[in-house]
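Remarks on the overall topology
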There are 2 protein chains.
Amino acid sequence: MNSEQDQFSAIMDGWNSNAGQPVGNCPVRGVLDKISDKWSMLLVMTLASGPKRFNQLRRDIPDISQKMLTQTLRELQRDGMVSRKVYDTKPPAVEYSLTPLGHSIIVPFGHLIRWANDNHPHIDQARAVFDTPSDPA
Amino acid sequence: MNSEQDQFSAIMDGWNSNAGQPVGNCPVRGVLDKISDKWSMLLVMTLASGPKRFNQLRRDIPDISQKMLTQTLRELQRDGMVSRKVYDTKPPAVEYSLTPLGHSIIVPFGHLIRWANDNHPHIDQARAVFDTPSDPA
DNA sequence: CAGAATCCAATGGGATACTG
DNA sequence: CAGTATCCCATTGGATTCTG
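Residues numbered from 1 in each chain as written. Chains lettered and ligands numbered in written order. Predicted model: local features only at pLDDT ≥ 70, side-chain atom pairs only at ≥ 80, totals over all residues. Heavy atoms only, no water.

As annotated in an unreviewed UniProt entry, chain A is Helix-turn-helix transcriptional regulator from Devosia litorisediminis.

Laid out in structure tokens, this is it:
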């Protein structure tokens, strides 16, 4: 019970320096902003089950465009989350896989996904209530 | 060790039905997309330390515009994460606070923030390496 | 197969002015 | 104080076409 509070405090201490301080240019925000694009998390989770080739990823994520797949893979590669390996065959084969860093983010992602999975009915209900114009008495 | 693997498997089972199935219209994605906007997570974490009034939030998050603060608060309220309480004084006071649902998401957010805090140097380094034009031998 | 390049529509989001 | 309303720009991202 108390250790949970301690853990939370540690998180908040890392989050902002102390009581009510503005969040400002926290380097954490840069990282979270990157994660917050439309496809990064989805791509990481798709690669979590093992290395995949380009068109395999397209099939696994049917609604991603080729442009965004390429672009998001490049960004993840740049951030050291994804490794790109080219087999110089004909036609060429390119295999994408998670680096150790990329693998490590699966854990916090997993927590978030689990939370979303557990609570989306609650959210849907809250929306329905909120969107109810008003209860005419 | 093994229980960690079991937990991961459970996450992935919730994520997609089974081996290599497309992610498609997973309700989890709708929740995660909402979280993935620029301000939601920041606002939730700012409210984590307690209820705050409108202009207090503006001061705590100096770089949010009034438009986005209002808009994000409305969305969080609609999703049942934030509660809005109006004190009909003059001038009016409005207090925002996390609901139990909103409070519950602090935990997975905390894991992500902790990960970002732990790994952003690693990411910065990876970027520097990636952006190095080429090592001229 | 694995992309690069271009065009264009939709959305996000800031600045500013006004209100109860 | 706590918003609403409008304008407008920047970014995101899809569709399409082309290449080694």
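Having seen the model, we can carry on.
This part takes up the protein's contact with DNA strand C. Taken together, 19 residues are adjacent to DNA strand C, and Arg53, Arg84 and Tyr96 of chain A together with Lys67 and Met68 of chain B come closest. When atoms of DNA strand C within 4 Å of the protein are sorted by moiety, sugar and phosphate together comprise 60%. At 2.7 Å from a phosphate oxygen of DNA strand C is found a side-chain nitrogen or oxygen belonging to Arg53 of chain A. For DNA strand C, a phosphate oxygen lies 2.9 Å from a polar atom in the backbone of Asn55 of chain A. Secondary structure elements with two or more residues in the surface near DNA strand C: α4 (54-60), α5 (66-78) and β3 (93-98) of chain A together with α5 (66-78) of chain B. (Near = heavy atom within 4 Å. Polar contact = N/O pair within 3.5 Å; in protein donor to acceptor, adjacent residues only side chain to side chain. Helix = DSSP H or I, 4+ residues; strand = E, 2+ residues; numbered from the N terminus.)

Looking now at the protein's contact with DNA strand D. Near DNA strand D, the surroundings consist of 19 residues, among which Lys67 of chain A together with Arg53, Gln66, Arg84 and Tyr96 of chain B are the closest. Side-chain polar atom of Lys38 of chain A to a phosphate oxygen of DNA strand D: 3.4 Å apart, as the coordinates give it. The contact in question runs from a base oxygen of DNA strand D to an N or O atom on the side chain of Gln66 of chain B, over 2.7 Å. For the surface near DNA strand D, the elements supplying multiple residues, two or more each, are α5 of chain A together with α4 (54-60), α5 and β3 (93-98) of chain B.

Once that is clear, we can look at the interface of chain B and chain A. With 56 residues of chain B at the interface, the matching set in chain A holds 56 residues. Contact with chain A buries surface across chain B, with Arg78, Leu112 and Trp115 of chain B losing the most and accounting together for 13% of the total. There are six salt bridges connecting chain B and chain A. Asp79 of chain B is the salt-bridge partner of Arg127 of chain A, the closest N and O atoms lying 2.7 Å from each other. Of all elements in the fold, only α1 (2-15), α2 (27-35), α3 (40-47), α4, α5, α6 (100-104) and α7 (106-131) of chain B reach the threshold of two or more residues within the side of chain B that touches chain A. (Contact = heavy atoms within 4.5 Å. Buried area = accessible area lost by both parts, 1.4 Å probe. Salt bridge = Lys/Arg side-chain N within 4 Å of Asp/Glu carboxyl O.)

Our next topic: the relation of the copies chain B and chain A. When chain B is brought onto chain A, the operation consists of a screw motion whose angular component is 180 degrees and whose axial shift is 0.0 Å, with 0.0 Å RMSD remaining. Such a combination of turn and shift is consistent with a two-fold rotation axis. Of the C-alpha atoms belonging to chain B, the one lying closest to the rotation axis is found on Ser36 of chain B, 2.2 Å away. Here 100% of the interface residues in chain B have copies in chain A that are interface residues too; the copies meet face to matching face. (Least-squares fit on C-alpha atoms with pLDDT ≥ 70 in both.)

Let us look at the pattern of salt bridges. Opposite charge on two side chains allows them to pair when their charged atoms are near. Counted by the stated rule, this structure contains 10 salt bridges over all chains. Here Lys34 of chain B makes a salt bridge to Asp79 of chain B, at a shortest N to O gap of 3.9 Å. Of this pair, Lys34 of chain B sits in helix α2 while Asp79 of chain B sits in the loop between α5 and β2 (82-87), placing them 45 residues apart in sequence. Both residues of the pair, Lys34 of chain B and Asp79 of chain B, belong to the buried class. Salt bridges sharing partners connect three or more residues here, namely Lys34, Glu75 and Asp79 of chain A together with Arg127 of chain B. (Buried < 20%, exposed > 50% of the residue type's maximum accessible area, 1.4 Å probe, protein only.)

All names here are of chain B. Spatially, the three strands line up as an open sheet ordered β1-β3-β2, and their pairing is antiparallel. If you trace the sheet from one side to the other, it starts and ends with β1 (52-53) and β2, each paired once. Sheet analysis places β1 next to β3, joined by two bridges and oriented antiparallel. Bridge pairing in β3 links Lys52 to Tyr96. Running over the sheet, α3 touches β1, β2 and β3 and is turned about 100 degrees from β3. (Pairing = 2+ DSSP bridges. Axes fitted to C-alpha atoms, helices over the stretch in contact; angles between N-to-C directions.)

Here the UniProt-annotated "domain: HTH hxlR-type" (unreviewed entry) positions come out as residues 26-124 of chain A. For residues 26-124 of chain A, the end-to-end C-alpha separation is 32 Å, with 62% helix and 14% strand making up the annotated structure. (UniProt positions renumbered as here; feature names shortened; annotations may be inferred.)

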